[in-house]
Amino acid sequence: MIIRKAGIKDLNLLMEVYAHARQFMQETGNKNQWINGYPSEEVICNDILSENSYVVLDEKTNELVAVFYFRQGDDPTYAKIYDGEWLNDKPYGVVHRMASAGKMKGIADYCLEWCYGQCANIRVDTHKDNLIMQNILKRNGYRQCGIIYVANGTERIAFQKNGMNRVI
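Per chain, the residues get numbers from 1 upward, laid out in the order the sequence is written. Residue-level local features of this predicted model are given only where pLDDT is at least 70; pairs of side-chain atoms are given and counted only at 80 or more, and the full residue set underlies all totals for whole chains, interfaces and linings. Side-chain metrics in this entry use all non-hydrogen atoms of the structure; hydrogen atoms and water are not considered.

Student: Please clarify how the nonpolar core should be interpreted in this entry.
Tutor: Nonpolar side chains tend to gather and get buried jointly when the protein is soluble and globular. We define the nonpolar core as a collection of buried residues of types Ala, Val, Leu, Ile, Met, Phe, Trp, Tyr and Cys that are connected through side-chain atoms lying within 4.5 Å of one another. Each residue gets one of three labels from its accessible area relative to the maximum for its type: buried under 20%, exposed over 50%, partly exposed in between, using a 1.4 Å probe on protein chains only. Grouped together as the largest cluster of nonpolar side chains are 25 residues, with contacts concentrated most on Phe68, Phe70, Val95, Met98 and Ile122. Numbered from the N terminus, helices here are DSSP runs of H or I no shorter than four residues, and strands are runs of E no shorter than two. Secondary structure elements with two or more residues in this core: strand S2 (53-57), strand S3 (64-72), strand S4 (93-100), helix H3 (107-118), strand S5 (121-126), helix H4 (131-139) and strand S7 (155-162). Here this core takes six residues from H3, the largest share from any one element. The contacts of methionine 98, once residues within four sequence positions are left out, are Trp34, Val67, Phe68, Ala108, Cys111, Leu112 and Met133. Any two residues having at least one pair of non-hydrogen atoms within 4.5 Å are treated as being in contact.

Student: Could you clarify how one ought to interpret the pairing of S5 in this entry?
Tutor: For a regular strand, side-chain orientation follows a simple rule: the groups alternate between the two sheet faces. S5 sits mainly inside the fold: six of its six residues count as buried. What you see with S5 is no split at all: Asn121, Arg123 and Asp125 on one side and Ile122, Val124 and Thr126 on the other are buried throughout. As paired strands, S4 and S5 are joined by three bridges and run parallel to one another. Of the residues in S5, the one forming a bridge with valine 94 is arginine 123. Whether a crossover is right-handed depends on one test, that the path from the first strand over the helix to the second runs clockwise when the strands point away from the viewer. Handedness of the S4-H3-S5 crossover: right-handed. Sheet topology places S5 next to S7; six bridges connect them, and they run antiparallel. Residue pairing in the sheet places asparagine 121 in a bridge with asparagine 162 of S7. Here, strands pair whenever DSSP counts at least two bridges between them.

Student: Sorry if this is basic, but what is going on with unusual backbone geometry here?
Tutor: Even without being glycine, asparagine 62 reaches a positive phi, approximately 65°. Tracing the backbone through its elements, the reader meets asparagine 62 in the loop between S2 and S3. Asparagine 62 sits in the exposed class, given a relative accessible area of 52%. If you check the backbone angles, arginine 97 has positive phi at about 50° while not being a glycine. Relative to the elements of secondary structure, arginine 97 occurs in strand S4.

See the structure below:
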């Protein structure tokens, strides 16, 4: 697999991948996480223009198979954590809006490992109904740290992985 920054030319494909991911969530018991068209085209355009949107390509076919947001630096969503605490207060990277086109297995693991290779202190969150993502995070050495609230006021389970909790 190949990871590169997304460009505006990728926008239509990215929106198709997000539509597929929303449908997959609905079919697998996660009916409340990405609703009402989230993430919107405006959100994804902003991700691209800020150079924080990445695509995953099948190296054999060059087909776009996944997308995610990754950025190093403080995220206002993670300023307050409830019912727990972050593993540390050191600089960190964040992963958001990871979605697969459903064409390859192991993409989430690959993306998370790539992000961890960029920054060995990562924070991420997911909806309580997103059991698939929770299992992926735990399998990849992320520890559940507490609860955060996203911009629309809904709660998310917060996870973190750093060099001290690497799975061997």
